[in-house]
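Chain by chain, the residues:
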Amino acid sequence: QVQLVESGGGLVQPGGSLRLSCLASGFTFSSYVMSWVRQAPGKGLEWVSDINRIGDITYYADSVKGRFTISRDNAKNTVYLQMNRLKPEDTAVYYCNVRKLGINFWGKGILVTVSS
């Protein structure tokens, strides 16, 4: 079955950096677009970024453009989110997502807290 396991979250000061990882299993990773989505405390889901199957086309929400970078390693079945110049408003649970046969699959999420 599809499994997505996020890691790399934690507490960071404003202006700092973190790199999230998502290890995928249960499907042919290299055949699917991968996404990162986040949910800030008390708010709804916000799409953050997509990456295509081979990793040469990426998309970003305006709120993170120029600060976050999505990448993937198909040999390791892993997608990454490098987050730089973090702001308090980036505080959220970050989820890895894949849409397969019309169904959305999600990891359990990883908490990122940006605070001094």
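These lines cover the structure that appears in this document, whether it is placed above or below.

### Structural notes on unusual backbone geometry
Notably, Arg 85 is not glycine yet its phi reads approximately 50°, a positive angle. Topologically, Arg 85 is positioned in the loop between strand E8 (78–83) and strand E9 (92–100). Although it is not a glycine, Leu 101 adopts a positive phi angle of roughly 55°. Tracing the backbone through its elements, the reader meets Leu 101 in the loop between E9 and strand E10 (103–106).

### Considering the packing of aromatic side chains
Throughout the structure, instances matching the rule amount to 3 aromatic pairs. With a centroid separation of 6.3 Å and an interplanar angle of 50°, the aromatic rings of Phe 27 and Phe 29 are classed as tilted. Phe 29 matches Phe 27 in its accessibility class, with the two residues each being buried. Ring centres of Phe 27 and Tyr 32 lie 5.7 Å apart, and the angle between their planes is 75°; this geometry places the pair in the edge-to-face category. Three or more aromatic residues joined by ring pairs form one cluster here, namely Phe 27, Phe 29 and Tyr 32.

### Things to note about the nonpolar core
Judged by nonpolar contacts, the single largest core of 30 residues is most densely connected at Leu 4, Met 34, Trp 36, Val 79, Leu 81, Met 83 and Tyr 94. Aside from chain neighbours lying at most four places away, what touches Val 79 is Leu 20, Ser 21, Cys 22, Phe 29, Met 34, Trp 36, Ile 51, Ile 70, Ser 71, Arg 72 and Cys 96.

### With respect to the environment of Glu 6
Its location among the elements puts Glu 6 in strand E1 (residues 3–7). A relative accessible area of 8% places Glu 6 in the buried class. Residues Glu 6 and Ala 24 lie 18 residues apart in sequence; the distance between their C-alpha atoms is 9.0 Å. Residues within four places of Glu 6 in sequence aside, it is in contact with Ser 21, Cys 22, Trp 36, Tyr 94, Tyr 95, Cys 96, Gly 107, Lys 108, Gly 109 and Ile 110.

### Topic: the pattern of salt bridges
Enumeration over the complete set of coordinates arrives at 4 salt bridges. Salt-bridge contacts for Arg 38 lead to Asp 90; the nearest nitrogen and oxygen are separated by 2.9 Å. A residue pair is termed long-range when its members are at least 10 positions apart, and Arg 38 in strand E4 (residues 34–39) and Asp 90 in the loop between E8 and E9 qualify at 52 residues. Here Arg 38 falls in the buried class, since its relative accessible area comes to 4%. For Asp 90, a relative accessible area of 0% translates into the label buried. With a shortest N-O distance of 3.2 Å, Lys 65 and Asp 62 are connected by a salt bridge. A relative accessible area of 66% places Asp 62 in the exposed class. Residues joined in a network through salt bridges with shared partners are Arg 38, Glu 46, Arg 67 and Asp 90.

Conventions adopted
- Residues numbered from 1 in each chain as written.
- Predicted model: local features only at pLDDT ≥ 70, side-chain atom pairs only at ≥ 80, totals over all residues.
- Heavy atoms only, no water.
- Helix = DSSP H or I, 4+ residues; strand = E, 2+ residues; numbered from the N terminus.
- Phe/Tyr/Trp six-rings, centres within 6.5 Å; stacked < 30°, edge-to-face > 60°.
- Buried < 20%, exposed > 50% of the residue type's maximum accessible area, 1.4 Å probe, protein only.
- Core = buried A, V, L, I, M, F, W, Y, C linked by side-chain atoms within 4.5 Å.
- Contact = heavy atoms within 4.5 Å.
- Salt bridge = Lys/Arg side-chain N within 4 Å of Asp/Glu carboxyl O.

Read these as spatial facts, not as claims about activity.
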